[in-house]
Amino acid sequence: AVVSTQSTGSLKILQCPRLRCHLFDVSVGCLSGASTPTRPYIQGQLVNKERQYFYYIDHQGMLFLDDARMKNFTSCFKEKKFLKFFFKRVKLNSKDNLKEWPYVSPCGDEMNYIRCDDLPVVYQAIVYDDDEPHLSWGDEQGLLKFPLDLSAIAMCPSSGRVYHPAPFRQGSVGLIKSKLAIELSNNFVFEENATLPSAIRWKNQLFPLDHKILEILDDRPSLGRYSEMTE
């Protein structure tokens with residue numbers, strides 16, 4: 001691939017078409033993609049007095065009924081009140097017999113089971129709260145927000161997907177949506193011959209990257225050490 005750079009002393013800002021391709025490729029990722037459910041289900045089925053529904057979150061953060069035949073903007077959920085209620089309650093699934101649905105969103109005596117293309121938290125835009133930058137998830141307008149920590153951004157070396165810390169309840173890591181990830185990656189700084197960016201340039205400042213959250217991603221698909229988050 002052709003790589004264009006902007007020199008900054010011994011560092012370089014890299015703009016790589018290959019990285020852009022990876023960010024749009026839903027077939028690759030640091031995390032394994034959503035597995036296909038092996039057990040049949042019926043939406044709204046009653047099991048042991050629990051009403052069960054099944055959902056899917058794609059790599060753009062859109063929410064669908066899992067059995068929707070077409071998954072696109074037309075068929076995704078859009079009602080803000082429902083989305084905020086649903087996403088705020090997402091947590092890891094602690095039930096051993098339903099591990100192909102790694103996340104749940106409880107609602108009274110109903111349980112919403114979730115599988116994802118990557119992660120349930122997908123950051124869709126940067127918004128500002130009292131002039132402080134936050135990452136928006138649930139939608140692009142700040143439906144749910146998490147403080148932006150530039151030094152905590154991490155790029156997966158195998159896929160080019162970009163991640164950022166997320167609320168503890170939802171698994172501690174969120175995926176950054178492809179469009180936003182490309183915007184951020186244009187400001188990545190690479191040391192000579194490095195495969196991962198060492199810093200990101202933001203408003204004329206340089207923020208070093210530590211990539212620590214990649215250690216959490218390595219625990220996929222079970223994320224077993226975070227089972228305490230299901231409480």
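Residues numbered from 1 in each chain as written. Predicted model: local features only at pLDDT ≥ 70, side-chain atom pairs only at ≥ 80, totals over all residues. Heavy atoms only, no water.

Novice: Is there a simple way to think about the overall build of the chain in this case?
Specialist: The number of helices and strands found in the chain is 4 helices and 17 strands. Counting across all 231 residues of the chain, residues that qualify as buried make up 49%. Taking as baseline every contact in the chain between residues at least 6 positions apart, the subset at least 24 positions apart corresponds to 53%. Here the chain has roughly 11900 Å² of accessible surface; of this, 51% comes from carbon and sulfur atoms. (Helix = DSSP H or I, 4+ residues; strand = E, 2+ residues; numbered from the N terminus. Buried < 20%, exposed > 50% of the residue type's maximum accessible area, 1.4 Å probe, protein only. Contact = heavy atoms within 4.5 Å. Areas by Shrake-Rupley, 256 points an atom, 1.4 Å probe, with all protein chains shown as cover.)

Novice: Help me understand the sheet that holds strand β9 (residues 122–129), please; the structure alone is not making it clear to me.
Specialist: Strand-to-strand pairing in sheets goes through backbone hydrogen bonds, with the strands running parallel or antiparallel. Spatial strand order, β11-β10-β9-β14-β13-β12: 6 strands in an open sheet with mixed pairing. Strand pairing shows two members of the sheet lacking a second neighbour, β11 (144–147) and β12 (154–155), which therefore form its edges. Pairing of β9 with strand β14 (residues 173–176) involves 2 bridges; the strand directions are parallel. In the strand pairing of β14, Y123 is matched with I176. Helix α3 (residues 178–185) contacts β9, β10 (132–137), β13 (162–165) and β14 of the sheet and is inclined by roughly 65° relative to β9. (Pairing = 2+ DSSP bridges. Axes fitted to C-alpha atoms, helices over the stretch in contact; angles between N-to-C directions.)

Novice: Help me out: how do you make sense of the pattern of salt bridges in this one?
Specialist: Taken as a whole and assessed by the stated rule, the structure comprises 7 salt bridges. For D117, the salt bridge identified is with R161, shortest N-O distance 3.2 Å. One end of the pair, D117, is in the loop between β8 (110–116) and β9; the other, R161, is in the loop between β12 and β13, and 44 residues separate them in sequence. For the residue pair D117 and R161, the accessibility class agrees, reading buried in each case. For K145, the salt bridge is made with D129, and the minimal N-O distance between the two is 3.3 Å. (Salt bridge = Lys/Arg side-chain N within 4 Å of Asp/Glu carboxyl O.)

Novice: Looking at this structure, how should I read the nonpolar core?
Specialist: Across soluble globular proteins, nonpolar side chains show a tendency to be buried alongside one another. Among the nonpolar cores identified, the biggest contains 42 residues, and F87, I114, I153, Y163 and F188 are the most heavily contacted of them. Judged by nonpolar contacts, the second largest core, of 6 residues, contains F54, L98, V104 and Y113. (Core = buried A, V, L, I, M, F, W, Y, C linked by side-chain atoms within 4.5 Å.)

Novice: How should α3 be read in this particular structure?
Specialist: Spacing of three or four residues puts side chains on the same side of an α-helix, whose turn is 3.6 residues. Of all the 8 residues making up α3, 6 are buried; the element is thus mostly covered by neighbouring parts of the structure. Residues of α3 that are buried: S178, L180, A181, I182, L184 and S185.

Novice: Hey, could you run me through helix α2 (residues 80–88) in this one?
Specialist: Every buried residue of α2 is listed here: L83, F86 and F87. Along the axis of α2, the buried residues cluster in a sector spanning 90°; they form a single face. If you follow the buried residues of α2, they end up packed against β4 (50–57), β5 (63–65), β7 (103–107), β8, β10 and β11. The residue sitting at the N-terminus of α2 and contributing the capping side-chain oxygen is E79; that oxygen lies 3.3 Å from the backbone nitrogen of K81. (Arc of directions from axis to C-beta. Polar contact = N/O pair within 3.5 Å; in protein donor to acceptor, adjacent residues only side chain to side chain.)

Novice: Help me understand the pairing of β9, please; the structure alone is not making it clear to me.
Specialist: Remark: a regular strand shows side chains that alternate across the two faces of the sheet. In terms of strand pairing, β9 meets β10 through 6 bridges, oriented antiparallel. Its bridge partner lying in β10, Y123 is registered against W137. Connecting the antiparallel pair β9 and β10 is a turn made up of 2 residues, with D130 showing a positive phi of about 55°.

Novice: Explain unusual backbone geometry here, please?
Specialist: Excluding glycine, a negative phi dihedral is what most residues carry, and trans is how most peptide bonds are arranged. One non-glycine residue, K49, lies in the positive phi region at around 70°. Tracing the chain through its elements places K49 in the loop between β3 (45–47) and β4. The phi torsion at H211 lies on the positive side, around 60°, for a residue other than glycine. Relative to the helices and strands, H211 is located in the loop between β17 (205–208) and α4 (214–217). On the basis of relative accessible area, H211 is assigned to the buried category, the value being 12%.

Novice: Is there a simple way to explain a negative patch on the surface in this structure?
Specialist: A cluster of acidic residues, D149, D210, E215 and D218, forms a negative patch at the surface. With respect to the helices and strands, the residue E215 is situated in helix α4. (Patch = residues over 30% accessible without salt bridge, like charges linked within 9 Å, V, L, I, M, F, W, Y side chains within 5 Å. Lys, Arg positive; Asp, Glu negative; His and termini not counted. Charge placed at Lys NZ, Arg CZ, Asp CG, Glu CD.)

Novice: Got a minute to help me understand the side chain of D118 in this structure?
Specialist: Looking at the element boundaries, D118 is found in the loop between β8 and β9. Side-chain polar atoms of D118 contact the side chain of Y163, separated by 2.9 Å.

Novice: Can you help me understand the packing of aromatic side chains in this one?
Specialist: The geometry of an aromatic ring pair is captured by the separation of the ring centres together with the interplanar angle, meaning the angle of the planes. One pass over the full model with this rule turns up 10 aromatic pairs. Taken together, the ring pairs in this structure connect Y55, F77, F82, F86, F87 and W137 into an aromatic cluster. Across from the ring centre of F73, 4.9 Å away, lies the NZ or CZ of K78, which sits over that ring. The cationic tip of R89 hangs over the ring face of F85; the distance from NZ or CZ to the ring centre is 3.7 Å. (Phe/Tyr/Trp six-rings, centres within 6.5 Å; stacked < 30°, edge-to-face > 60°. Lys NZ or Arg CZ within 6 Å of the ring centre and 35° of its normal.)

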